[in-house]
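# Architecture at a glance
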Amino acid sequence: MQVTMRYFGQLRHLAGRDEDTIHLETGVTALSAIRAAMAPYGEAAALIVMDASGALRPSLMVLINDAPIDKETPPTLQSGDIITLLCAISGG
Amino acid sequence: MQALTDEERAVYEWQMWTRDFGEAGQQALKNTTALVSRVGGLGGPVCLELAAAGIGRLIIAHGGNLKPSDLNRQILMSHEHLGTPRIEQAKARLLALNPRLEVSAVASNISKENVDRLVGEAGIVFDCAPLFEERFLLNRACVTQRKPMIDCAMFSMEGQVTTIVPGETPCLQCIYPEIPPGWKREFPVFGAVSCAAACYGVMEGIKHLSGMGASLKGQMLYFDMRNMTSYRLPLQRRPDCPICSQLWKVSPP
Ligand SMILES: [Zn+2]
């Protein structure tokens, strides 16, 4: 199946693009999909998204089809889902 | 509560025509002290729009001198004053626009030492600081003193705004329980983007003070000017939030 991964904040800057299309096996959770999406972007992107145990960071907001998810129990994805990753931003 | 003068009625006439605002809304602004943390890319336009709208008193806090790399977004500043304190330029610019305004200029950033006193003097707080440490200090003081805080942020071509009312909405550390790892002090941004986030924040403040419109309480507006899209995200409080969970025990949502 195919899902869209949409990036905001520091993640968009690191990725150098607004979104990726990811091809996955059916029945994959949002967490696995996010890990797969981050793989090409190296340590810096992984650090923003996941903690040392591989869980999603509390400062990251994750939406599936524009609805926020419970990051402690990332849901199983459906083909065509849009996963949005919003990083914490500040001022200056 | 201080009434409006004839001069103020003349200056604010056009905004007083706005439905649900009127003279009562204008009087609410006149009788309010707002604290704005920093007068840079976000805080500068926040102050400018609050001054233009007729806020009674502004407390502004920002340390340091103006650098060339500030000038793409810090619209209270001017090229001729490079190398001089930002706070003095900000105060002069705000008073040039609105000489009726009272400005208390603090030549240092929000810190552990000054945060409780400055929040204590304000009726509303605008969080526009770059450092998460500073934002969390303001959040904690606002929660403790139950002061509303408008939180504004920007990055690259994106911005976000939310209205935090302690006891009614999640606090900043419910949204961001940690300083985000990998976050950098210097980042890409256009002045028009920080200005847009600031203007959304100012309207949230004006709405909160005057009681008009629907606010972003418990929601975050996140906008993307690269693609001209926006999201309005529901925010959730953290039952274990070290900053605000005590408030919920006193008065559950
Ligand atoms: Zn909280």
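For the structure given in this document, a descriptive report is provided here.

Our next topic: the sheet that holds strand 8 (residues 229–234) of chain B. All names here are of chain B. Spatial ordering of the open sheet is given by 3-2-1-4-5-6-7-8, a layout of eight strands whose pairing is mixed. Single-partner strands in this sheet number two, and they are strand 3 (102–106) and strand 8. Looking at each pair of strands side by side, their axes are set apart by 15° on average, direction ignored. Sheet topology places strand 4 (residues 124–127) next to strand 5 (residues 149–155); three bridges connect them, and they run parallel. Among the inter-strand pairings, V125 is bridged to a residue of strand 5, identified as M149. Helix 5 (residues 86–97) rests against strand 2 (57–61) and strand 3 of the sheet, and its axis sits at about 160° to strand 2. Against the sheet, helix 9 (residues 191–210) touches strand 4, strand 5, strand 6 (158–164) and strand 7 (219–224), its axis set at about 170° to strand 5.

Before going further, it helps to examine unusual backbone geometry. Backbone geometry places D66 of chain A, a non-glycine residue, at a positive phi of 75°. Looking at where D66 of chain A falls in the secondary structure, it is placed in the loop between strand 3 (61–64) and strand 4 (67–68).

At the junction of the two partners, chain B supplies 36 residues and chain A supplies 24 residues. Summing both partners gives a buried area of about 2,500 Å² for chain B against chain A, and 61% of it is carried by carbon and sulfur. Area buried by chain B at its contact with chain A is led by F155, P181 and Y231 of chain B, which between them contribute 24% of it. If you look at where chain B meets chain A, you find three salt bridges. Scanning the region where chain B abuts chain A turns up 11 residue pairs in polar contact (both at pLDDT 80 or more). When contributions to the side of chain B that touches chain A are tallied by element, the ones reaching two or more residues are helix 7 (132–145), strand 5, strand 6, strand 7 and strand 8 of chain B. Considered class by class, the residues forming the side of chain B that touches chain A number 22 nonpolar, six polar and eight charged.

A few words now on the packing of aromatic side chains. Residues and elements named next belong to chain B. In the structure shown here, the tally under the stated rule is 10 aromatic pairs over all chains. Between W14 and W17 the ring centres are 5.8 Å apart and the planes differ by 20°, which places this aromatic pair in the stacked class. Accessibility assignment for this pair places W14 and W17 in one class, exposed. Taken together, a centroid distance of 5.5 Å and an interplanar angle of 20° make the contact between F155 and F187 stacked. Taken together, the residues span a long stretch of sequence, with F155 in strand 5 and F187 in the loop between helix 8 (172–175) and helix 9 at a distance of 32 residues. What makes F187 buried here is its relative accessible area of 17%. An aromatic cluster is built from F132, F136, F155, Y176, W183 and F187, whose rings are joined through pairwise contacts.

This next bit is on helix 3 (residues 42–49) of chain A. Within the span of helix 3 of chain A, buried status applies to A45, I48 and V49 of chain A. Projected onto a plane normal to the axis of helix 3 of chain A, the buried residues spread over an arc of 95° and lie on a single side.

Glancing now at the sheet that holds strand 1 (residues 2–7) of chain A. Residues and elements named next belong to chain A. Read from one edge of the open sheet, five strands run 2-1-5-3-4, paired in mixed fashion. At either end of the open sheet lies a strand with only one pairing partner, and these are strand 2 (19–23) and strand 4. Here strand 3 pairs with strand 4 via two bridges, running antiparallel. Within strand 4, the position partnered with I64 by the bridge is A67. Its contacts with the sheet put helix 2 (residues 30–38) on strand 1, strand 2, strand 3 and strand 5 (82–86), and the angle it makes with strand 1 is roughly 65°.

Rules and cut-offs
Residues numbered from 1 in each chain as written. Chains lettered and ligands numbered in written order. Predicted model: local features only at pLDDT ≥ 70, side-chain atom pairs only at ≥ 80, totals over all residues. Heavy atoms only, no water. Pairing = 2+ DSSP bridges. Helix = DSSP H or I, 4+ residues; strand = E, 2+ residues; numbered from the N terminus. Axes fitted to C-alpha atoms, helices over the stretch in contact; angles between N-to-C directions. Contact = heavy atoms within 4.5 Å. Buried area = accessible area lost by both parts, 1.4 Å probe. Salt bridge = Lys/Arg side-chain N within 4 Å of Asp/Glu carboxyl O. Polar contact = N/O pair within 3.5 Å; in protein donor to acceptor, adjacent residues only side chain to side chain. Nonpolar A, V, L, I, M, F, W, Y, C, P; charged D, E, K, R; others polar. Phe/Tyr/Trp six-rings, centres within 6.5 Å; stacked < 30°, edge-to-face > 60°. Buried < 20%, exposed > 50% of the residue type's maximum accessible area, 1.4 Å probe, protein only. Arc of directions from axis to C-beta.

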